[in-house]
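The chain contents come next:
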Amino acid sequence: PIYHSIVVTFAGWDVEEHSTINVNVYPNPTKDKVFVEGEGLSEVRLYDLIGNRLRTLDCQTSNEMSLSGLSQGIYIMRITTIDGNVGYQKLMVNK
């Protein structure tokens, strides 16, 4: 589960979230794909640290996000539930 408060700054805009989302993100760190599991998940968006959206996962159809083509580094996952709650998870990609 994600139980934390996080402030994320993307290229001049701040996003502050205080929410609890019961989700499992694995493996983390990872190389080529990541799995996101939890009840009531709607969407996962993957951002680089500049704030560019790189990937979007529709959790209604899949729980696997391909990371092919991404460089090694730290990324931010924005996880949204079907009832509108939002949480953030740091993802480490190792190549």
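Going by the structure above, here's the rest.
The rules behind the values
The residue numbers shown here count from 1 along each chain, following its written sequence. Given that this is a predicted model, residues contribute local features only at a pLDDT of at least 70 and side-chain atom pairs are listed and counted only at 80 or more, while totals for whole chains, interfaces and linings are drawn from all residues. The side-chain numbers reported here are obtained from all heavy atoms of the structure, hydrogens and water having been left aside. To form a nonpolar core, buried Ala, Val, Leu, Ile, Met, Phe, Trp, Tyr and Cys residues must be joined to one another through side-chain atoms within 4.5 Å. Working definition: with a 1.4 Å probe on protein chains only, accessible area under 20% of the residue-type maximum means buried, over 50% means exposed, and in between means partly exposed. Strands are runs of DSSP state E lasting at least 2 residues, helices are runs of H or I lasting at least 4, and numbering of each runs from the N terminus. Any two residues having at least one pair of non-hydrogen atoms within 4.5 Å are treated as being in contact. We call two strands paired when DSSP finds no fewer than two bridges between them. Angles run from 0 to 180 degrees between N-to-C directions of axes, and those axes are lines fitted to C-alpha atoms, restricted for helices to the stretch in contact. Aromatic rings from Phe, Tyr and Trp, with only the six-membered ring used for Trp, were paired whenever their centres fell within 6.5 Å, and each pair was classed as stacked if the ring planes differed by under 30 degrees, edge-to-face if by over 60, and tilted otherwise. The salt bridge criterion pairs a side-chain nitrogen of Lys or Arg with a carboxyl oxygen of Asp or Glu, the two atoms within 4 Å.

A. The nonpolar core, seen in detail. In this structure, Val36, Val44, Leu46, Leu67 and Met77 are the most contacted members of the largest nonpolar core, which totals 18 residues. Looking at this core, the elements that each hand over two or more residues are strand E4 (33–37), strand E5 (41–47), strand E8 (73–81) and strand E9 (86–93). Not counting chain neighbours up to four residues away, the residues in contact with Met77 comprise Val25, Val34, Val36, Val44, Arg45, Leu46, Gly87, Tyr88, Gln89 and Leu91.

B. Looking closely at the sheet that holds E5. In spatial order, the strands read E6-E5-E8-E9; together these 4 strands make up an open sheet with antiparallel pairing. Two strands in the sheet have a free side with no partner beyond their single neighbour: strand E6 (53–58) and E9. Each strand axis lies, on average, 20° off the axis of its neighbour in the sheet, ignoring direction. Of the strand pairs in this sheet, E5 and E6 are connected by 5 bridges, and their pairing is antiparallel. Looking across to E6, one finds that Glu43 is bridged to Asp58.

C. Expanded view of the sheet that holds strand E7 (residues 64–66). The 3 strands are arranged E3-E4-E7 in an open sheet whose pairing can be described as antiparallel. The open sheet is flanked by strand E3 (24–26) and E7, the only strands paired with a single partner. Averaged over all pairs of adjacent strands, the angle between their axes in this sheet comes to 20°, without regard to strand direction. Here E4 pairs with E7 via 3 bridges, running antiparallel. Its bridge partner being in E7, Lys33 is matched across the sheet by Ser66.

D. Quick look at unusual backbone geometry. Omega for the peptide link from Tyr26 to Pro27 comes to -15°, which places this bond in the cis form. Locating Pro27 in the fold gives a position in the loop between E3 and E4. In the segment running from Asn28 into Pro29, the intervening peptide bond is cis, with an omega of 10°. Along the chain, Pro29 turns up in the loop between E3 and E4.

E. Highlighting the packing of aromatic side chains. The final tally for this structure, using the stated rule, is 1 aromatic pair. Here Tyr26 and Phe35 contribute two aromatic rings whose centre-to-centre distance is 5.4 Å and whose plane-to-plane angle is 20°, an arrangement assigned as stacked.

F. Focus on the pattern of salt bridges. Scanning all chains against the criterion turns up 2 salt bridges. The salt bridge partner of Glu64 is Lys33, with a shortest N-O separation of 4.0 Å. Remark: Lys33 occurs in strand E4 and Glu64 occurs in strand E7; sequence separation between them is 31 residues. Under the relative-accessibility criterion, Glu64 is labelled partly exposed at 36%. On the accessibility criterion, Lys33 (32% relative accessible area) is partly exposed. Here Arg45 makes a salt bridge to Glu43, at a shortest N to O gap of 2.8 Å.

Honestly, it's all geometry; don't read function into it.
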